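# Chains, contacts and geometry: an overview
The chain contents come next:
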Amino acid sequence: MITKSKKELKQGMLENVMSQFNHAADIVDLNPNIRKILSITNNELIIHFPVKMDNGDVEVFTGYRVQHNNALGPYKGGLRYHPTVDIDAAKALAMWMTWKTSLAGLPYGGAKGGIQLDPSKYSTTELERITRRFTYALGDNIGPEHDIPAPDVNTNSQTMAWIVDTYMSTKSPAERSKNQHVVTGKPLGSGGSEGRDRATGYGVFLNIKFWAEKKKIDLKNKRFIVQGFGNVGFWTSYFLELEGAKLVGVQDAFGTIANQEGIAVAQLNDYMQGNKGSIVDFPNSVALPTEDFFGLDCDICIPAALGNQITAENADKIKAFLIAEGANGPTDVEAEEILLNNGVGIIPDILCNSGGVIGSYFEWLQNRNGELWQLDEVLAKLDKKMKEIFDRVYVKAEERNGDMRTSAYVIAIERIEKAYVQRGIFP
Ligand SMILES: NC(=O)C1=CN([C@@H]2O[C@H](COP(=O)(O)OP(=O)(O)OC[C@H]3O[C@@H](n4cnc5c(N)ncnc54)[C@H](O)[C@@H]3O)[C@@H](O)[C@H]2O)C=CC1
Ligand SMILES: O=C(O)CCC(=O)C(=O)O
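The shown structure was predicted, so the numbers you read here are calculated from the model rather than taken from an experiment.

Rules of the game
Residues numbered from 1 in each chain as written. Chains lettered and ligands numbered in written order. Predicted model: local features only at pLDDT ≥ 70, side-chain atom pairs only at ≥ 80, totals over all residues. Helix = DSSP H or I, 4+ residues; strand = E, 2+ residues; numbered from the N terminus. Rg over C-alpha atoms; globule rule 2.2 N^0.38 Å. Buried ≥ 20, exposed ≤ 12 C-beta atoms within 10 Å, placed from the backbone. Contact = placed C-beta atoms within 7 Å. Near = placed C-beta within 6 Å. Domains from an automatic or database assignment. Pairing = 2+ DSSP bridges. Axes fitted to C-alpha atoms, helices over the stretch in contact; angles between N-to-C directions. Nonpolar A, V, L, I, M, F, W, Y, C, P; charged D, E, K, R; others polar. UniProt positions renumbered as here; feature names shortened; annotations may be inferred. pLDDT = per-residue confidence, 0-100. Right-handed = clockwise from strand over helix to strand, strands pointing away. Core = buried A, V, L, I, M, F, W, Y, C linked by C-beta atoms within 7 Å.

## A closer look at the overall build of the chain
Within the chain, the secondary structure is distributed over 14 helices and 13 strands. Taken over the C-alpha trace, the chain has a radius of gyration of 21 Å; the compact-globule value for 427 residues is 22 Å, and the two agree within 12%. With respect to the three principal axes, the spread of C-alpha positions in the chain is 60 × 55 × 45 Å. The buried share of the chain, taken over its 427 residues, is 51%. At a minimum sequence separation of 6, the contacts of the chain that also span at least 24 residues come to 72%.

## What to know about the site of ligand 1
As a matter of local geometry, ligand 1 sits amid 25 residues, with Gly228, Gly230, Asp252, Ala327 and Gly356 nearest to it. It is helix α8 (residues 231-242) that contributes the most residues to the shell around ligand 1, 3 residues altogether. When residues of the shell around ligand 1 are sorted by domain, at least three fall in each of domain 1 (43-184) and domain 2 (198-347).

## A word on the sheet that holds strand β1 (residues 43-52)
Within a sheet, each strand pairs with its neighbour through backbone hydrogen bonds, oriented either parallel or antiparallel. Reading across from one edge, β1-β2-β5-β4 is the order of the 4 strands in this open sheet, with mixed pairing throughout. The open sheet terminates on both sides in strands that have one partner only, identified here as β1 and β4 (79-81). Taken over all neighbouring pairs, the strand axes of this sheet differ in orientation by 20° on average, direction set aside. Sheet topology places strand β2 (residues 58-69) next to strand β5 (residues 110-115); 6 bridges connect them, and they run antiparallel. Looking at β5, one finds that Gly63 is bridged to Ile115. Each of β1, β2 and β5 touches helix α4 (residues 124-138); the most contacted strand, β1, lies at about 135° to it.

## Overview of the site of ligand 2
As a structural note, the neighbourhood of ligand 2 is formed by 13 residues, with Gly78, Ala150, Gly356, Val357 and Ser360 the closest of them. For the shell around ligand 2, the leading source of residues is helix α12 (residues 355-369), giving 3 residues. Across the shell around ligand 2, the residue classes tally to 2 nonpolar, 8 polar and 3 charged.

## Regarding the domain arrangement of the chain
Under the domain assignment, the chain is made up of domain 1 (43-184) and domain 2 (198-347). Its C-alpha centre places domain 1 at a distance of 28 Å from the equivalent point of domain 2.

## Section: the UniProt feature "active site" (unreviewed entry) in the chain
Per the UniProt annotation, the sites labelled "active site" (unreviewed entry) are Lys112. In this fold, Lys112 is placed in strand β5. With 31 C-beta atoms counted inside 10 Å, the residue Lys112 sits in the buried group. What Lys112 contacts, discounting residues up to four positions off in sequence, is Val66, Gly77, Gly78, Ala90, Leu93, Ala94 and Met97.

## A word on the pairing of strand β8 (residues 246-251)
Burial analysis of β8 places 6 of its 6 residues in the buried class, which makes it a mostly covered element. Where strand β7 (residues 223-227) meets β8, 5 bridges bridge the pair, whose relative direction is parallel. Of the residues in β8, the one forming a bridge with Gln227 is Gln251. Summarising the sheet, β8 and strand β9 (residues 256-258) pair through 3 bridges and their orientation is antiparallel. Along β9, the bridge assignment pairs Gly249 with Ala258.

## Regarding the confidence of the model for the chain
Averaged over every residue, the pLDDT of the chain is 96; residues scoring 70 or more account for 97%. Across the chain, the element-wise mean pLDDT spans from 83 in helix α1 (residues 6-28) up to 99 in strand β11 (residues 300-303). Per-residue pLDDT stays below 50 along residues 6-11; that stretch engages in 13 contacts with residues further than four places along the chain or on separate chains. Reported for the predicted complex are a pTM of 0.97 and an ipTM of 0.99.

## A look at the pairing of β7
Among the 5 residues in β7, 4 count as buried, and that is most of the element. Between the parallel elements β7 and β8, the chain passes through α8 in a crossover that is right-handed. In the sheet, β7 pairs with β11 via 4 bridges, with the strands oriented parallel. The residue bridging Ile225 from the neighbouring strand is Cys301, located in β11.

## Regarding the nonpolar core
Counting 118 residues, the largest nonpolar core has Phe224 and Leu351 as its most contacted members. Of the residues forming this core, the biggest block, 10 residues, is contributed by helix α3 (residues 87-103). Among the domains, domain 1 (43-184) and domain 2 (198-347) are the pair contributing at least three residues each to this core.

## Observations concerning the sheet that holds strand β10 (residues 286-288)
Spatially, 7 strands are ordered β10-β9-β8-β7-β11-β12-β13 in an open sheet, and the strand pairing comes out mixed. Each end of this open sheet is capped by a strand with a single partner; those strands are β10 and β13 (345-347). On average, each strand axis in the sheet is tilted by 25° relative to the strand beside it, whichever way the strands run. Two elements, strand β12 (residues 322-324) and β13, share 3 bridges in a ladder whose sense is parallel. By the bridge assignment, Leu322 is partnered in β13 with Gly345.

This is the structure in structure tokens:
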């Protein structure tokens, strides 16, 4: 288990996103009024709600939804169930969503939320009641044209199905079917889209592939390590393995394993599913201490778990030539400086993991228009969109002779600034 304290995780994330934003805002000479608006969140909800547990006792939970900005469209962003969820974490993650949706050219703003809890301590029926009660408490603070949640850490398509069912049950019978797109990432049978399950990991893979093409690097036999073997970590590994790359190290919430000969992705996934979600003791691998993970010998490092995992403490140990950020905010500002000085390439989160929200946008569009797209159609559209965004960021970084994160922020911030200025609010 990573030993960062809750306090370190939350403070770091908010400080990091603000520092990244201010750095880029200085570069674009952002209108000071717009900088003021973007520096704080529009709405912050903290909800304490009681739920009856299986044993009859009542527990009171705390849920959060932070809506950072909606200048470009409805608020959009995931819901996380984790002990580190609090108001600062939700604020930081909501801000990252605003930059991500803007960079991707989507008609969305940014939001994020979740519940502060360890889901492994609750039964499925308890988690269902917790989710339904939270949804009821959120009421019309979410909505298909207002704020559209999606899965994040420890939430999945089942969680989204409970939310959509609860939300729709609060509407009149005639209105119910118009509200299916209140969440994305739903199961296929409940208005979900083909391909949303793999969209984030496929997007991370595509970003790595596009980057390697620019650098004329063949991904075949390149060794990669992945932190987090959930939705993002698994699908990224799956597509990289298909391309001929080799998974040589994995870390999850329970432990760290390595094998320089390669770890079979599908086998590890099957093992993990039957092992209470843990990779520990996977056959043909060695167990390593937590702190050895980022120093593993490899070519590509994919943090796909929580924020603030790559810090000044471990950045110098990284041997990979590329970091592809599947997680939100995995690299702190100090670590990024060290890595860039060491010549390590970084594909920043707001670009690298944007396949997820793009996949969500496709689901939302299908629900709105009564369409059903095939898997190959979804992946082809995602590929095209991701290539356009990657190229814009890459070219901007080359023009500026700078890093990809700042370039991604520059593009994202300029789009939002333009919207405010065009409306004549801040000429
Ligand atoms: N699910 C999605 O579509 C998107 C997710 N992301 C980001 O990707 C990251 C992972 O999300 P998901 O894969 O959806 O979550 P998940 O819940 O499916 O998987 C999380 C994985 O991280 C591991 N993990 C948790 N705490 C850890 C720790 N302290 N050290 C090492 N590993 C740890 C878990 O064991 C699990 O393997 C998060 O930062 C999330 O915000 C970003 C864009 C979209
Ligand atoms: O799919 C979405 O709407 C948002 C996913 C998310 O939370 C993220 O990109 O961090």
